[in-house]
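The residues making up each chain are set out below.
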Amino acid sequence: MTRETTKKIRKQNKIPYFIGFILILFASIYMLYSIGLLTGIETKIRTLLSLNLILILFFCLFYIFKVIFRDRKKHIFYLLFCLIYTTFLTLGANYIHKAYSAIDHISTNATEYYSSLITLKENKVSSLSEIETGTIGYLSDSTSIDGNQMPKEIIKGEKLKNKTIEYASYIELLNALLDGKIQYAFVPGNYAIMFSNLDGGHFEHLEEDTKVLYTKEKKIKSEDPSKENSLEKPFTILIMGVDSEKESLKGSTFNGDALMLLTFNPTTLNTTILSIPRDSYVPITCFAGQKKNKITHAAWYGADCMMNTISNFLDVKIDYYLKINFKGVVKLIDKLGGVEVDVPYSFCEQDSSRRFKEHTLYVKKGLQTLNGEQALALSRNRKSNADKCSSEWTKGLRNDFVRGQNQQLVLRATLNKLKEVNSLDTLYSLLNTISDNMETNMQTSEMLSLYNVGKDILVKSNNMDMEDLVGFQRLYLNGYDDYIYDSGMGKNLYEYILYENSVQAVSDAMKVNLELKKPLLAKEFTFDSSEEYEEFVIGKNVKGSNATSKIPNLVGLTEKSATTKMKNLGIEVVIRYISEDTGTNGTVLKQSVASGTSTSSVQEIILTVLKKD
């Protein structure tokens, strides 16, 4: 064999080793990149691991140039090491990157809006391009993105020449469509679920009666994106349930039926938890003039509107929100293998697809492990459903407050079960499950910093239940029932009027936990061991004298009497006289504002008075 041939063979023998080094190099870079994504998690460990990766990389390079060509017996060990080490790094980095991507997918600094153009099923038009005649309706509120801004953009962009009419509310808009006054209407993408169970409405068959011709998506950056990069200080988070038949949050405008506000202090591990009744009558910040209405209606205008509305009446800044699809709750709990809950009463409920009959869920009273569907059913139950089930399943008090307490039971049970997760495969499976069913305005780095909080909890837990380790302070918004006129519905609707003193007590408790206010220490504490202990709930037994001021029925009263009543309420009165009508001379025949309307939204009223010559 010639010298040239020998050199050629040696040169060829070098190639596999350089390929092995290149594989290790790229695998190491991938792992270093993945480790760098985990900002705030075990910084010392990540630094040491990164340094070790770099040292191993240099050792491999040194080995190639100094050792590998002198001892052929070591060649196979080197190649075997390259293969195993590269595989290990690649799989590890891939796991980290996938987990990070799942978490990052949940985080958003923007809100997705979907505006759909709908028409009645009987309309022969099946697409936007087929529209030639007919009137199109949309909201008059210029601040509404999916109700006003996007419809105008679509009409202009698609060069629609149709007549348009603006309506003050979605209720008036949908009624106009169903009554045939307009042929097309722009509504949120999840309109069927949003309005089908609306109190006082008649939209139970809205999905069957209408069809979607066109849907447009638009992303809007949040008004107040978070500037922090860790959760080491006390913070607030609003949990909002999204009632959607879809397996994803995409295209799902949420209802405000499931609202839970939490404050968490990472130093003391104390948590306040407040379930907000859906019918709470509060100023809606995105309504014109911050008109009061059911808080659930704030959800129609997006997460920012809901956060601002709650922040406004509780006087507590909301740092974060978490939207979770009800379908996601089912999946999450099933992945955990169920949650243990002491069910307070036997009940029956529809499934996650809002179906009764053969799909009806029956859950008995008592301590048991609930699967995802059963846990969601407990979280949603607020009616006895006596028309769907026998008396065995309909006993006991059911209302929005009971539902709020049930949601807290499920939340605590879920946190307890999450504490037991100790497998990377299970963790990755959970992240993969919830990534399409959750959305938050937390930055990814902030979510990662929750690791430190969770680690602290696990270190201190010593197999304790979550509620024994983390202090859960229940809060309660006390109030009373009333019926107030809703102009959109054209009738008096049930509202829950909050006592100002109760709101203040809840607000103060949150501020104490957020370290914005010093606590008031009780001087005495007494108890009777013979009596059953009852948990003290801040705000529950607090009342006040803030009765809702409403416009009375003035028809039939004298001009003087009606005017006096209105002036006592601080409302300007305009008198319009008519002479040709039946009735008692000098009495009020009509009033421009319906009786039962809250005076908070009225500045002037026009009274039509009969004045005969």
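See the structure shown above.
Now for a quick tour of the structure. (Residues numbered from 1 in each chain as written. Predicted model: local features only at pLDDT ≥ 70, side-chain atom pairs only at ≥ 80, totals over all residues. Heavy atoms only, no water.)

**So, the overall build of the chain**
Right, so step 1: In terms of helices and strands, the chain carries 16 helices and 22 strands.
Right, so step 2: Relative to its 613 residues, the chain shows a buried fraction of 49%.
Right, so step 3: For the chain, long-range pairs separated by at least 24 residues make up 73% of all intrachain contacts whose partners lie at least 6 apart in sequence.
Right, so step 4: A total of about 32500 Å² of accessible surface is found on the chain, and carbon and sulfur atoms cover 54% of it. (Helix = DSSP H or I, 4+ residues; strand = E, 2+ residues; numbered from the N terminus. Buried < 20%, exposed > 50% of the residue type's maximum accessible area, 1.4 Å probe, protein only. Contact = heavy atoms within 4.5 Å. Areas by Shrake-Rupley, 256 points an atom, 1.4 Å probe, with all protein chains shown as cover.)

**Section: the packing of aromatic side chains**
Right, so step 1: Taken as a whole and judged by the stated rule, the model has 10 aromatic pairs.
Right, so step 2: Aromatic side chains Tyr345 and Phe347 sit 5.9 Å apart centroid to centroid with 70° between the ring planes, which places their arrangement in the edge-to-face category.
Right, so step 3: Given a relative accessible area of 0%, Phe347 falls into the buried group.
Right, so step 4: Seen in terms of ring centroids, Tyr483 and Tyr494 are 5.9 Å apart; in terms of plane orientation they differ by 65°. Their pairing is edge-to-face. With Tyr483 in strand E18 (residues 479-486) and Tyr494 in strand E19 (residues 491-498), this residue pair connects regions lying 11 residues apart in the sequence. (Phe/Tyr/Trp six-rings, centres within 6.5 Å; stacked < 30°, edge-to-face > 60°.)

**What about the sheet that holds strand E17 (residues 471-475)?**
Right, so step 1: Reading across the sheet, the six strands line up as E16-E11-E6-E7-E8-E17 and stay open at both edges, with mixed pairing between neighbours. Edge strands, defined here as strands with exactly one partner in the open sheet, are strand E16 (438-440) and E17. Within this sheet the neighbouring strands show an average axis-to-axis angle of 20°, counted without direction.
Right, so step 2: Two strands pair when backbone bridges link them, and strand E11 (residues 320-325) and E16 are joined in this way by three bridges, in the antiparallel orientation. When the bridges of E16 are listed, Lys323 appears paired with Glu439.
Right, so step 3: Contacting strand E6 (235-242), E11 and E16, helix H9 (residues 326-335) runs over the sheet at an angle of about 80° to E11. (Pairing = 2+ DSSP bridges. Axes fitted to C-alpha atoms, helices over the stretch in contact; angles between N-to-C directions.)

**Re the state of the cysteines**
Right, so step 1: Tallied over the full model, the rule gives two disulfides.
Right, so step 2: With a sulfur-sulfur separation of 1.8 Å, Cys286 is cross-linked through a disulfide to Cys305. Its torsion about the S-S bond being -60°, the disulfide of Cys286 and Cys305 is classed as left-handed. Here Cys286, found in the loop between strand E9 (281-283) and strand E10 (292-294), pairs with Cys305, found in helix H8 (residues 303-314); they are 19 residues apart in sequence, far enough to count as distant. Comparing Cys286 with Cys305 shows no difference in burial state: the two are buried.
Right, so step 3: Disulfide pairing places Cys348 opposite Cys389 at an S-S distance of 1.8 Å. As the torsion about the S-S bond is roughly 105°, the Cys348-Cys389 disulfide counts as right-handed. A residue pair is termed long-range when its members are at least 10 positions apart, and Cys348 in strand E13 (residues 347-349) and Cys389 in the loop between helix H10 (372-380) and helix H11 (400-418) qualify at 41 residues. In this structure, Cys348 and Cys389 share a single accessibility class: buried. (Disulfide = S-S within 2.5 Å.)

**A short note on unusual backbone geometry**
Right, so step 1: In this model, Lys159 sits at a positive phi of 55°, which is unusual for a non-glycine residue.
Right, so step 2: With respect to the secondary-structure elements, Lys159 resides in the loop between helix H4 (145-157) and strand E3 (164-167).
Right, so step 3: Overall, the relative accessible area of 65% leaves Lys159 in the exposed class.
Right, so step 4: In this model, Lys357 sits at a positive phi of 55°, which is unusual for a non-glycine residue.

**Details of the pairing of E18**
Right, so step 1: One ladder, built from eight bridges, connects E18 with E19; its direction is antiparallel. Its bridge partner being in E19, Tyr480 is matched across the sheet by Ile497.
Right, so step 2: Where E18 hands over to E19, the hairpin turn is made up of four residues, of which Gly490 adopts a positive phi near 75°.

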